[in-house]
Amino acid sequence: MNFASDNWAGAAPSVMAALARHSAGPAPAYGNDAVTQGVIQQFRDIFETDAAVYYTATGTAANALALTAYARPGGIIFCHPEAHIQVDECGAAEFMTGGSKLVSVGGQVNGKITADGLASALAALPEGSAMHGQAAAVSITQASEHGTVYSLEEIRAIKAQAESRRLPLHMDGARFANALVSLGVTPAEMTWKAGVDVLSFGGTKNGCWCAEAVIFFNQEAARSFEYLRKRAGHEFSKARFVSAQLEGYFENGNWLQTARHANAMAAKLSEGIVASGGRMAWPTEANEVFAIIEKVQADRLRQNGAVFHPWPEHAIPAELKPSENEICVRLVASFATESTETERFLSLL
Ligand SMILES: Cc1ncc(COP(=O)(O)O)c(C=O)c1O
Ligand SMILES: C[C@@H](O)[C@H](N)C(=O)O
């Protein structure tokens, strides 16, 4: 019963088979191999546009480098107060952009920023004032850090506010596939057709061993990216092995099946917890469950081998705060989560 994080999951069989398939013999380095050329074209087919695609080793690097491509002196990046780039990346975006400031947008709803909240944050920043810095980008996370998913309308409304200050919209897609299958839309509809300018595409948490990419939907913005990525040490000499993973990931729609399975396991957990008297801190819309249960239940689960983490109190809005005998726990399902694990977890509540 391991629900610590999808970062704990292994690699999907299709990914490992593809790695084995491409492991022998020489191949041109630094992305000039046939497998990489094929996968880059697959990305363009999947996103229905001539996107610029660049691998990075981690999601943190993808986020920080994507935002660096749009960096401005005194730049300000607007994001959710609990955004991964704000809370969990050790200042990577601030560092890589050369000192941009991450400003949290208020007025969150269901763990997501809103267009109105962004409008207020933008209105609070005078234009043309060197003293106050200048707006540089807006970043949203899809699926969000709270297991919720931005609708296409919400993305479009946020982009419209960003557009009012001529800002690019970055999407942290560490769990992109989970959000995609949750909405039942196409990759193009959930990104550039809704106004997203640059995407951190995550494959690692959904069955790849280590496969992340920055995808620009505007080639002009990608003009210097290969230099930024090289300088940051994120150009793989053996890119064919990142590509092999992604070939296996995309093959026969594997990536969508693994995401659907993870989401289904999370939904099963969420429904079972509510049926047993628990409640959700945020709606379960992807593969993460944020449940408020009794502390004695959490203790019993851990004593029986369940692995999961509490969600920090400071990250829980006042109206959702657990009572003194309750705890908010984060349960993350992955492609590898067995249905029997969820059934055992629920039986111990
Ligand atoms: C929402 C989100 N974005 C980005 C990342 C960063 O990924 P990495 O840990 O590979 O740097 C994570 C990590 O799990 C994440 O949960
Ligand atoms: C830091 C922690 O949130 C990690 N990104 C995870 O999702 O497990």
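In what follows, the structure referred to is the one given above.
The structure displayed is predicted, hence computed values, not measured ones.

Quick notes on the rules
- Every chain begins its residue count from 1, and numbering advances along the sequence as written.
- A letter from A marks each chain and a number from 1 marks each ligand, given out in the order of writing.
- Residue-level local features of this predicted model are given only where pLDDT is at least 70; pairs of side-chain atoms are given and counted only at 80 or more, and the full residue set underlies all totals for whole chains, interfaces and linings.
- With hydrogens and water stripped out, all remaining heavy atoms of the structure feed into the side-chain values.
- By definition, two strands form a pair when at least two bridges between them are found by DSSP.
- Segments assigned H or I by DSSP are reported as helices when at least four residues long, segments assigned E as strands when at least two residues long, and all are numbered from the N terminus.
- Every axis corresponds to a line fitted to the C-alpha atoms, with the helix fit spanning only the stretch in contact, and the corresponding angles, defined between N-to-C directions, vary from 0 to 180 degrees.
- The rule for a residue being near a molecule or strand is that one of its heavy atoms must lie within 4 Å of it.
- Side-chain atoms alone can form a polar contact between residues adjacent in sequence; in general such a contact is a pair of N or O atoms within 3.5 Å, and within protein one must be able to donate a hydrogen while the other accepts it.
- Residue exposure ignores everything except the shown protein chains as possible cover, and the areas themselves are Shrake-Rupley values with a 1.4 Å probe.
- Remark: exposure states derive from per-residue accessible area (1.4 Å probe, protein chains only) relative to the maximum for the residue type, with buried under 20%, exposed over 50%, and partly exposed in between.
- It is the directions from the helix axis to the C-beta atoms that the arc portrays.
- Contact definition: two residues touch when any of their heavy atoms are within 4.5 Å.

Undergrad: Lay out the sheet that holds strand S3 (residues 101–104) in plain terms, naming residues and giving numbers.
TA: The strand order across the open sheet formed by seven strands is S1-S7-S6-S5-S4-S2-S3, and the pairing between neighbours is mixed. Both outer strands of the open sheet, strand S1 (52–56) and S3, are each paired with one neighbouring strand and no more. Averaged over neighbouring strand pairs, the angle between their axes works out to 25 degrees when direction is ignored. With five bridges joining them, S1 and strand S7 (residues 212–216) adopt antiparallel strand pairing. Bridging across to S7, Thr 56 finds its partner in Glu 212.

Undergrad: Give a description of the site of ligand 1 that names residues and reports values.
TA: Lining the immediate surroundings of ligand 1 are Asn 7, Thr 58, Gly 59, Thr 60, Asn 63, His 84, Glu 89, Thr 141, Asp 172, Ala 174, Arg 175 and Lys 205. One nitrogen or oxygen atom from the side chain of Asp 172 is found 2.7 Å from a nitrogen atom belonging to ligand 1. In the environment of ligand 1, an oxygen atom lies 2.9 Å from a nitrogen or oxygen atom belonging to the side chain of Arg 175. Burial of ligand 1 by the protein chains amounts to 83% of its free accessible area of 390 Å².

Undergrad: Got a sec to walk through helix H1 (residues 13–21)? Specific residues and values, please.
TA: Inspection of H1 places Ser 14, Val 15, Ala 18 and Leu 19 among the buried residues, and these make up the whole buried set. The buried residues of H1 occupy an angular sector of 140 degrees when projected down its axis, which confines them to one face. Those residues of H1 that are exposed and aimed more than 90 degrees away from the buried face are Pro 13 and Ala 20. The inward-facing, buried residues of H1 contact helix H11 (239–250) and helix H12 (254–275).

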